Amino acid sequence: MISVHQLPLTPDGQTPVRAITIAGSDSGGGAGIEADLRTMALCGVHATVALTAVTVQNSLGVSSFHPVPPQTVGDQIRAVAGDIGIGAAKTGMLATADIIAAVVTACEEMGIGRDARIPLVVDPVSASMHGDKLLADEAMDTLVNRLFPIATVVTPNLDEVLLLTDISVTDEQTQRDAAVALHAMGPRFALVKGGHLRTSRQSPDVLYDGVDFLEISEPRFDTVHDHGAGDTLASAMTCALAHGFTVPDAVTFGKRWVTRCLRASYPLGAGHGPVSPLWRLGAS
Ligand SMILES: Nc1ncnc2c1ncn2[C@@H]1O[C@H](COP(=O)(O)OP(=O)(O)O)[C@@H](O)[C@H]1O
Ligand SMILES: Cc1ncc(COP(=O)(O)OP(=O)(O)O)c(N)n1
């Protein structure tokens, strides 16, 4: 049984496992690169970053964003992977087609991707939970045609599944159909998250590798404070992959981690509060 305490912590003075998050900043601190940094730190992993965009965001939504120049995004990946070294990588908000292309080029150069040394988790973030766009419409083709084929695992939520596959997931069968359609786009594994299946008492995620399905299910929490859940799951998976876990074990670890963080989520501002990895500090 994989537990949320599974990842080994590093003794003082020794270099921990490293990972990179390639994502946008959430000024509210609940999702995006800030969620990734919270989870990676509390999983005992040294987090490095390639910032893709600055969003103006709070608990009520995203009012605007400003993309980072694509060359700068790619150069951050090269600088970090070339010097510090990383065990796994994760993408989140990528904002534009040109940024996606720059990320793919840098990943290929640095040995990041499904057929390379360093596994790559792709969270195909297209909008915030409030429906605010975080990816240009015309960038979807680049995401599917360039980034998906080099992904170790893709982790769409059900809104992203609909955009990507035209499949409306309502039950176990349609969730599996979506996983098959996503896998055909090139990643080694497809994970279809069930967080938006709000009528269920469970929160089932389905992983597919082209042959077998693995359903990873945990009890559903009745909460509106779920901001950053997708980022938290994907970054916990990235930490486990950086430690050398297999993809199914990394998903199992990530699922338990995000479930524990949902249990610890808290109100913040007037809207949706964030899931919280702060439980790991030992207060509860
Ligand atoms: N209310 C909830 N209770 C339990 N698990 C949840 C809940 N909401 C989301 N999850 C889980 O959190 C993770 C992120 O899910 P999801 O909400 O689908 O993604 P996103 O945050 O990208 O929209 C998944 O593992 C999902 O099953
Ligand atoms: C900068 C930034 N990146 C990603 C998101 C989306 O976060 P996610 O956890 O996928 O989903 P929601 O919690 O927004 O549903 C974001 N809001 N900002």
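Just so you know, these numbers come straight off a predicted model, no measurement behind them.

Draft legend 1. Inspection of the site of ligand 2 at higher detail. Around ligand 2 there are 17 residues in total, and Gln57, Met129, His227, Gly228 and Asp231 lie nearest to it. Contact between ligand 2 and Gln57: a nitrogen atom at 2.9 Å from a side-chain N or O atom of the residue. Measuring from an oxygen atom of ligand 2, one finds a backbone N or O atom of Met129 at 3.1 Å. For ligand 2, whose free accessible area comes to 420 Å², the fraction covered by protein is 95%.

Draft legend 2. Spatial organisation of the pairing of strand 1 (residues 18–26). Among the nine residues in strand 1, eight count as buried, and that is most of the element. Bridge count between strand 1 and strand 2 (residues 46–58): eight bridges; the pairing is parallel. By the bridge assignment for strand 2, Ser25 is matched with Val54. Traced from strand 1 through helix 1 (residues 32–42) to strand 2, the parallel crossover comes out right-handed. With four bridges joining them, strand 1 and strand 4 (residues 88–91) adopt parallel strand pairing. If you follow Ile22 over to strand 4, its bridge partner there is Thr91.

Draft legend 3. Structural context of the environment of Glu218. Residue position: Glu218 is located in strand 9 (residues 213–219). Exposure remark for Glu218: the relative accessible area of 15% places this residue in the buried category. Each C-alpha atom, one on Glu218 and one on Pro119, is 25 Å from the other, the two residues being 99 residues apart in sequence. Residues in contact with Glu218, not counting those within four places in the same chain, are Gln202, Ser203, Lys255, Arg256 and Thr259.

Draft legend 4. Molecular detail of the packing of helix 1 against helix 7 (residues 229–242). Relative to each other, helix 1 and helix 7 sit at 45 degrees, their axes nearing to 9 Å. By the angle between their axes, helix 1 is oblique relative to helix 7. The way helix 1 lies across helix 7 gives a crossing that is right-handed. Seen from helix 1, the contacting residues are Gly32, Ala35, Asp36, Thr39 and Met40; seen from helix 7, they are Asp231, Thr232, Ser235, Ala236, Thr238 and Cys239. Each residue belonging to the contact of helix 1 with helix 7 can be placed in one class, and the counts come to four nonpolar, five polar and two charged.

Draft legend 5. The site of ligand 1, seen in detail. His196, Ser203, Asp205, Gly230 and Lys255 are the nearest of the 15 residues found near ligand 1. In the model, an oxygen atom of ligand 1 is placed 2.5 Å from a nitrogen or oxygen of the Asp205 side chain. In the complex, 92% of the free accessible area of ligand 1, which totals 550 Å², lies under the protein chains. For the shell around ligand 1, the secondary-structure elements that each account for two or more residues are strand 8 (202–208), helix 7 and helix 8 (247–263). Taken together, the residues of the shell around ligand 1 break down into six nonpolar, five polar and four charged.

Draft legend 6. View of helix 4 (residues 140–147). Looking only at helix 4, the buried set comprises Met140, Thr142, Leu143, Val144 and Leu147. Packed against the buried residues of helix 4 are strand 4, helix 3 (97–110), strand 5 (120–122) and helix 5 (158–165).

Draft legend 7. Representation of the packing of aromatic side chains. For the structure shown, the criterion picks out four aromatic pairs. Both rings, one in Tyr208 and one in Phe213, keep their centres 4.4 Å apart while their planes meet at 20 degrees; by these two values the pair is stacked. Phe213 gets classed as partly exposed once you look at its relative accessible area, which sits at 29%. Both rings, one in Phe245 and one in Phe253, keep their centres 6.4 Å apart while their planes meet at 70 degrees; by these two values the pair is edge-to-face. Among the residues examined, Phe253 registers a relative accessible area of 1% and is labelled buried. Grouped by ring-pair contacts, the aromatic residues Phe245, Phe253, Trp257 and Trp279 constitute a single cluster.

Draft legend 8. Quick peek at helix 6 (residues 172–183). With 12 residues, helix 6 extends 16 Å from end C-alpha to end C-alpha; this agrees with the ideal 16 Å at 1.5 Å per step. Turning to helix 6, its buried residues number three or more, namely Thr174, Gln175, Ala178, Ala179 and Leu182. Along helix 6, the residues classed as buried sweep out an arc of 145 degrees about the axis, all on the same side. In this structure, the buried side of helix 6 is in contact with helix 5, strand 7 (189–192), strand 8 and strand 9.

Draft legend 9. Fine view of the side chain of Ser25. Position of Ser25 among the secondary structure elements: in strand 1. In terms of polar contacts, Ser25 uses its side chain to reach the side chain of Glu34, at 2.7 Å. The residues contacting Ser25, other than those within four sequence positions of it, are Ile33, Glu34, Leu51, Ala53, Val54, Thr55 and Gln57.

Draft legend 10. Expanded view of the environment of Val103. Here Val103 lies in helix 3. The class for Val103 is buried, based on a relative accessible area of 0%. Not counting residues up to four positions away in its chain, the partners in contact with Val103 are Ile22, Val73, Ile77, Thr91 and Leu94.

The rules behind each value
- Residues numbered from 1 in each chain as written.
- Chains lettered and ligands numbered in written order.
- Predicted model: local features only at pLDDT ≥ 70, side-chain atom pairs only at ≥ 80, totals over all residues.
- Heavy atoms only, no water.
- Near = heavy atom within 4 Å.
- Polar contact = N/O pair within 3.5 Å; in protein donor to acceptor, adjacent residues only side chain to side chain.
- Areas by Shrake-Rupley, 256 points an atom, 1.4 Å probe, with all protein chains shown as cover.
- Buried < 20%, exposed > 50% of the residue type's maximum accessible area, 1.4 Å probe, protein only.
- Helix = DSSP H or I, 4+ residues; strand = E, 2+ residues; numbered from the N terminus.
- Pairing = 2+ DSSP bridges.
- Right-handed = clockwise from strand over helix to strand, strands pointing away.
- Contact = heavy atoms within 4.5 Å.
- Axes fitted to C-alpha atoms, helices over the stretch in contact; angles between N-to-C directions.
- Parallel < 35°, antiparallel > 145°, perpendicular 65-115°, else oblique.
- Left-handed = near helix turned anticlockwise from the far one by under 90°.
- Nonpolar A, V, L, I, M, F, W, Y, C, P; charged D, E, K, R; others polar.
- Phe/Tyr/Trp six-rings, centres within 6.5 Å; stacked < 30°, edge-to-face > 60°.
- Expected span 1.5 Å × (residues − 1).
- Arc of directions from axis to C-beta.

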